[in-house]
Amino acid sequence: MELIDLVKNAKEATYILQSLDTDIKNKALLEIANKIEENKDKIFEANKKDLEYAQKLLDENKISKSMFNRLKLDENKLIDVVSGIRDVVKLEDPINKVLLETELDDNLLLKKISCPIGLIAVIFEARPDVISQISSLCIKSSNAVILKGGSEGENTNKAIFNIIEETLNSIKEFPKHSVNLVFTREDIKELLSMDKYIDLIIPRGGNSLVQYIKSNTNIPVLGHADGICHLYIDESANQEKALKICLDSKAQYPSACNAVETILVNKNIASEYLPKLYKLFKENDIKMNGCEKVKKILDIGEVKEWHFEYGDKEVSLKIVSDTEEAYNHINKYGSHHTDSIISEDKNNIEKFMTFVDSANVYCNASTRFSDGFRYGFGAEVGISTNKTHARGPVGLEGLTIYKYKIFGNYQIVNDYVTHKSSFKHKRIK
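Let me sum up the structure you'll find in this document. Because the structure is predicted, anything quoted here is derived from the model rather than measured. (Residues numbered from 1 in each chain as written. Predicted model: local features only at pLDDT ≥ 70, side-chain atom pairs only at ≥ 80, totals over all residues. Heavy atoms only, no water.)

**Considering the overall build of the chain**
Here comes step 1: Scanning the chain from N- to C-terminus turns up 15 helices and 17 strands.
Here comes step 2: Taking 2.2 N^0.38 as the reference for a compact globule, 429 residues should give roughly 22 Å; the C-alpha atoms of the chain span a radius of gyration of 24 Å, in line with that estimate.
Here comes step 3: If one aligns the C-alpha atoms of the chain with their principal axes, the spans along those axes are about 80 × 60 × 35 Å.
Here comes step 4: Burial status across the chain gives 55% buried among its 429 residues.
Here comes step 5: Partitioning the intrachain contacts of the chain with sequence separation of at least 6 by distance along the chain shows that 72% fall at a separation of at least 24.
Here comes step 6: Here the chain contributes 59 positively and 64 negatively charged side chains, and the mean placements of these two sets differ by 1 Å. (Helix = DSSP H or I, 4+ residues; strand = E, 2+ residues; numbered from the N terminus. Rg over C-alpha atoms; globule rule 2.2 N^0.38 Å. Buried < 20%, exposed > 50% of the residue type's maximum accessible area, 1.4 Å probe, protein only. Contact = heavy atoms within 4.5 Å. Lys, Arg positive; Asp, Glu negative; His and termini not counted. Charge placed at Lys NZ, Arg CZ, Asp CG, Glu CD.)

This is the structure in structure tokens:
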């Protein structure tokens, strides 16, 4: 099938999808979760082939170590995949909710109703678990989706997609082409030009992918370009607990977009805290780079660029004077993704959480919490640093928009312009 025909068919599917009731959507999701469990050996076999191919790409420096790590699908990740789908089932259906209700006049009622965005294209690198996450959220939110994964994960992507497609095709109420998978680089170029049919593009990958998409399409783009996340260790911080958070934020999954890349340490505790951090990070094979002040305390390399995402077991360290310098640094060099303060000082916490201009701002918590599953969204289509429509981990609510509906009784505007009638504007909800 030509790509244009696939896209047109997917667009047609959007009109039917928005009429599906919750029970049908939940039935499909539960069946998909069951089928993924039943076919996990096939999925692992496909993933093994991808990893063998990816290892060659890694050896030739064609992909990064972090991308290779994201590609791996093991038993624990598959458990998370299945749990994520089942959690989406438990969530409230976001479609056809009354968001606002106003009585404009007698027998003239205005309602603001949630509805699907329509046709969404998701372009992603590695991470084959993305297919099930995004498909489940799109199914529950009544959106059609076109998925384009990287060639490094093609076998795993096909294996999971085939399970989803076969399951949906077995449910008569679901229109064909609700979930679609395309493969080539040429497909990306074509998709970016199809603003007549595609309502939203979500890129999930490195900065170069996101910037390429933003620069080559008229379709709205939702996502983030970088994951340059920060921890600020305040002078009032409990240092032992702060160490645990630093380690978790960096080492728990170094290639994740919410892993910490820069740790800022208050000058009043730097000489005491930094050697402890150095010892802990050395024990866990984490490379450290520092500013000139840090280098006077620790024998480490120098930071060359503060706006830099390592995506690996490497981190930048900087000494700052106070909370204000910390949040100014974050707002200047960060990516507005996820930043956290470790502190016992309520004023500093409040200041930090007010002035840091990021989608996710924490106190006394690891940056790794910025995730749709951990937020209770079931899953996520990505993390947005946008300031319109959706921000932070984007779950079901972020895949909806709204329309206004008026229920009238043959009223005309001229009666209100000539003052024969007057508006009540009585808010009901």
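**A few points about the sheet that holds strand β17 (residues 426-427)**
Here comes step 1: Strands sit in the order β16-β2-β1-β17 across an open sheet of four strands; the sheet is antiparallel. Looking at which strands have only one partner, the edges of the open sheet turn out to be β16 (400-407) and β17.
Here comes step 2: Pairing of strand β1 (residues 98-105) with strand β2 (residues 108-116), which is carried by six bridges, proceeds in the antiparallel orientation. Bridged to Glu-101 within β2 is Lys-111. (Pairing = 2+ DSSP bridges.)

**Quick look at the environment of Gly-149**
Here comes step 1: Note on placement: Gly-149 falls in the loop between β4 (144-148) and α7 (154-169).
Here comes step 2: Those residues in contact with Gly-149 that sit more than four places away from it in its chain are Phe-124, Asn-157, Val-182 and Phe-183.

**Describing the sheet that holds strand β13 (residues 360-363)**
Here comes step 1: The sheet built from seven strands is open, its strands ordered β10-β9-β11-β8-β7-β12-β13 with parallel pairing. The outermost strands of the open sheet, each flanked by one partner alone, are β10 (301-302) and β13.
Here comes step 2: In this structure, strand β12 (residues 338-342) lies alongside β13, joined through four bridges in parallel fashion. From the neighbouring strand, Ser-340 faces β13, where its bridge partner is Tyr-362.
Here comes step 3: Helix α14 (residues 346-355) contacts β7 (229-233), β12 and β13 of the sheet and is inclined by roughly 175 degrees relative to β13. (Axes fitted to C-alpha atoms, helices over the stretch in contact; angles between N-to-C directions.)

**Comments concerning the pattern of salt bridges**
Here comes step 1: Applying the stated rule across the entire model yields 20 salt bridges.
Here comes step 2: Lys-276 serves as the salt-bridge partner of Glu-240, at 3.8 Å between the closest nitrogen and oxygen. Of this pair, Glu-240 sits in helix α10 (residues 239-251) while Lys-276 sits in helix α11 (residues 270-283), and the two are 36 residues apart along the sequence.
Here comes step 3: Here Arg-391 makes a salt bridge to Asp-357, at a shortest N to O gap of 3.2 Å. With Arg-391 in the loop between β14 (382-384) and β15 (392-394) and Asp-357 in the loop between α14 and β13, this residue pair connects regions lying 34 residues apart in the sequence. (Salt bridge = Lys/Arg side-chain N within 4 Å of Asp/Glu carboxyl O.)

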